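Read off the chains here:
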Amino acid sequence: MISHKYKCIFIEIPKNASSSISKWLYENDTSTLGSQCEHPSKNYKWIDEHQYRDGHIHTSELRHLYRRHWDNYYKFAVIRNPFDRVFSCYSMYTSKEWESQYQKNEFSIHDERLYEEVSEYKNFPEFCSGYLDRITIHSLFQNGARYSEVGMYHGVHLREQSCWVNPTKEWSDNINIIKYENLKEEIQSLSDALGIPFSRKDFPWENKKGKGRGSYKGFYDAESIKIVKKKYRSDFYFFKYNF
């Protein structure tokens, strides 16, 4: 999403406080736009309800859509420990909210299928070994369908973060990284730099699924650690995280 008032572009990586930061930007600049508003011919799914958001569009496409401002505006994205992020995805997929949406037939056909596949697993290690280890996440933005060799569907939330921020790619140049682990402090610094009002008390924290479950570390076993390391090796390489 882009804010002309604060001259910044936010790259929305899923499960990295995208909803919270998007809402915060919009609350402080109601002229904030998602690319679907600046380019209304693009029929993105949030055009009615979340017209100010981009919905996890790939950075290379954002660079094209915002090409008049890309080189001059402050660009930023949030990066998160892959171990924590994968568990956050699992928490969302198994949340009461997702179950309720499924029962009310509020899902797209893809999310409906995703819910049905994930709900087969009793716990997080089973999810990692039975689902995560079998999907082909590297194909999502590389001219491939979101299916694994065995025909399992997965959503954008499980894609590597290096899909959006990749230091080896030209389209990823000059993107400032905020670490999710230091989110409050780094959002405060961003606020000071760009002049965006910020209050820790009033910041619109969204999507707190799994917050009451404690640290992600208690849900991993040796096998699930191995699987996540393998699946997200590019994230570990670029962003230097460990368990």
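Bear in mind that the values here come from a model prediction, so they are computed numbers and not experimental data. (Residues numbered from 1 in each chain as written. Predicted model: local features only at pLDDT ≥ 70, side-chain atom pairs only at ≥ 80, totals over all residues. Heavy atoms only, no water.)

Description of the overall build of the protein
Link 1 in the chain: When helices and strands are tallied, the protein shows 10 helices and four strands.
Link 2 in the chain: The secondary structure elements of the protein, listed N-terminal to C-terminal, are β-β-α-α-α-β-α-α-α-α-β-α-α-α.
Link 3 in the chain: Expressed as a percentage of the 243 residues in the protein, the buried residues total 51%.
Link 4 in the chain: Taking the intrachain contacts of the protein between residues at least 6 apart in sequence as the baseline, contacts between residues at least 24 apart amount to 67%.
Link 5 in the chain: Carbon and sulfur atoms provide 45% of the accessible area of the protein, an area that totals close to 12200 Å². (Helix = DSSP H or I, 4+ residues; strand = E, 2+ residues; numbered from the N terminus. Buried < 20%, exposed > 50% of the residue type's maximum accessible area, 1.4 Å probe, protein only. Contact = heavy atoms within 4.5 Å. Areas by Shrake-Rupley, 256 points an atom, 1.4 Å probe, with all protein chains shown as cover.)

Focus: the sheet that holds strand β3 (residues 74–79)
Link 1 in the chain: Strands sit in the order β1-β2-β3-β4 across an open sheet of four strands; the sheet is mixed. Every interior strand has two partners, whereas the edge strands, β1 (2–3) and β4 (175–179), have only one.
Link 2 in the chain: For β1 and strand β2 (residues 8–11), the ladder comprises two bridges, and the chain directions are antiparallel. Residue pairing in the sheet places isoleucine 2 in a bridge with isoleucine 9 of β2.
Link 3 in the chain: Against the sheet, helix α1 (residues 18–28) contacts β2 and β3, and its axis sits at roughly 160° relative to β2. (Pairing = 2+ DSSP bridges. Axes fitted to C-alpha atoms, helices over the stretch in contact; angles between N-to-C directions.)

Quick notes on helix α6 (residues 109–118)
Link 1 in the chain: For α6, every residue scored as buried is listed here: Leu114, Tyr115, Glu117 and Val118. On an axial view of α6, the arc spanned by its buried residues comes to 165°, and they lie on one face.
Link 2 in the chain: Tucked into the core, α6 has its buried residues touching α4 (82–93), α5 (96–103) and α7 (124–130). (Arc of directions from axis to C-beta.)

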